[in-house]
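Residues per chain are reported as follows:
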Amino acid sequence: MRSVSQLSHNELEVYRRVRSFRKYVEDDISSRAKLLIDDDEFRACLKKCLKQLEASTNGFNKAVEIMHAIVMNLQRNPIGKYLHTAYLSALSEEFCETSEYKEVFQLLGFLEQTDLQKIINKIVEVAKDDDNLERSLSTHLTSLKNLKNNETPEEIIFESSSPEKIDKPIEFKTRLSRTQWQENLKENMMKERKKIASVYEGIRSDVLSCLHHYFIENLKPPTTLPFHEVKFFNNSASVKRHLIGDHRLSIQAALSYPGDYLENEDLMKVEKFEIPPILPDISIAFKLYSECGKLINLYDWLQCWLSVIKGENEKDEGNDNVLQARIITNF
């Protein structure tokens, strides 16, 4: 942050004109005068805001990568299958309140155990720098592995669940037939599966809650912070206007002044309203078209084009086949 301390008064004025800072100053009435007049006070504020912007940007980028890793392992892609589409979606304000975000968590709520483990593994790979999230998800991943091995996790506590009573083994006073024995066995197996399913649902609920709190905290667009213009530029319309330009005007200029585009000295000498035969065929046709009104007779248009091309050699019929081929090629 030494560069901020070395900024001159004129350079600080550039930062003061930033739109996000103006909004920040309007909300902070108590220190408005100091920030607008005192350079030292403004430097301290600028350092603080830039540090906050850096931390928010890093957390936001990591959260987008995690969201993209989740979506890539779902059946549908509510926010797109590419990272840049997920990034653009997350840049919208209050992304956690959008229907796409809710659909992602709805799909996560339908996942089976193996699919949930795959997603958690992907998240742990991406979230290596975030110790809290990695530690929490690793704990849930261990619980899922124990559950898969039919080992009841001892450290899992669910707030909504109450201690279940341990069923005593059923004692049969009489002998059971083979059919009755199979039915009792199926009933006991179904009870055991329901217990495992309820434990898995609790683990899945905890995982979704952990991810939701993480996204709520980190998926805040940095463009809402002061001085975000230092890193972000959101006026894409002006960029497209400068890079792409207006195709219609460019084409009309090229047809009217072909010498400038073809870099031909003879064509450069041609005036705007002149139509000599040395011009390209399409330029001659365009200039003739420009002289007409809204309606144009195609026969007259082509006859005028032929008269310009032939020039003084109108009686020479030796090149009629060549001219016919040029008409077919260009029109």
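Residues numbered from 1 in each chain as written. Predicted model: local features only at pLDDT ≥ 70, side-chain atom pairs only at ≥ 80, totals over all residues. Heavy atoms only, no water.

Note the threshold: UniProt positions are given in the numbering used here, feature names are shortened, and annotations may be inferred rather than shown by experiment.
Per an unreviewed UniProt entry, the protein chain is named Origin recognition complex subunit 3, and its organism is Lepeophtheirus salmonis. UniProt lists a comment for the protein chain under the heading Subunit (unreviewed entry), and it reads "Component of ORC, a complex composed of at least 6 subunits: ORC1, ORC2, ORC3, ORC4, ORC5 and ORC6. ORC is regulated in a cell-cycle dependent manner. It is sequentially assembled at the exit from anaphase of mitosis and disassembled as cells enter S phase."

1. Considering the side chain of Ser-20
Definition in use: Strands here are runs of E lasting at least two residues and helices are runs of H or I lasting at least four, both read from the DSSP assignment and numbered beginning at the N terminus. Pairs of N or O atoms within 3.5 Å make up the polar contacts considered here, provided that, within protein, one atom can donate a hydrogen while the other can accept it, and that residues adjacent in sequence are counted only when both atoms are side-chain atoms. Every residue pair with non-hydrogen atoms within 4.5 Å of one another is taken to be in contact.
Within the element layout of this structure, Ser-20 appears in helix 3 (residues 19-27). Polar contacts involving the side chain of Ser-20 include one to the side chain of Glu-229, which spans 2.6 Å. If near-sequence neighbours (up to four positions away) are discounted, Ser-20 is found in contact with Leu-225, Pro-226, Phe-227, His-228 and Glu-229.

2. Some remarks on the nonpolar core
A general feature of soluble globular proteins is that nonpolar side chains tend to end up buried together. To keep it simple, the criterion reads: In plain words, nonpolar cores are sets of buried Ala, Val, Leu, Ile, Met, Phe, Trp, Tyr and Cys residues tied together by side-chain atoms within 4.5 Å. To sort residues, take the accessible area from a 1.4 Å probe on protein chains only and compare it with the maximum for the residue type: under 20% means buried, over 50% means exposed, and anything in between is partly exposed.
Counting 40 residues, the largest nonpolar core has Ile-70, Leu-108, Leu-211, Phe-215 and Leu-219 as the members making the most contacts within it. Those elements that provide at least two residues to this core are helix 5 (39-71), helix 6 (83-91), helix 7 (99-108), helix 8 (113-126), helix 9 (131-148) and helix 10 (178-218). The leading source of residues in this core is helix 10, at 9 residues. Apart from the residues within four sequence positions on either side, Ile-70 is in contact with Val-104, Leu-108, Ile-119, Ile-123, Leu-211 and Phe-215. Counting residues in each nonpolar core, the second largest holds 16 residues, with Leu-12, Leu-46, Leu-53 and Phe-232 among its members.

3. Topic: the pattern of salt bridges
Rules: Each reported salt bridge corresponds to a side-chain nitrogen of Lys or Arg within 4 Å of a carboxyl oxygen of Asp or Glu.
For the structure on display, the rule yields 6 salt bridges. With a shortest N-O distance of 3.2 Å, Asp-40 and Arg-43 are connected by a salt bridge. One end of the pair is Asp-40 and the other is Arg-43, both in helix 5 and 3 residues apart, which spans about a single turn. The exposure class of Asp-40 is exposed, given its relative accessible area of 55%. Across the salt bridge formed by Glu-65 and Lys-62, the nearest N and O atoms sit 3.9 Å from each other. Here Lys-62 and Glu-65 lie together in helix 5, a separation of 3 residues that amounts to about one turn. Residues joined in a network through salt bridges with shared partners are Glu-13, Arg-16 and Asp-39.

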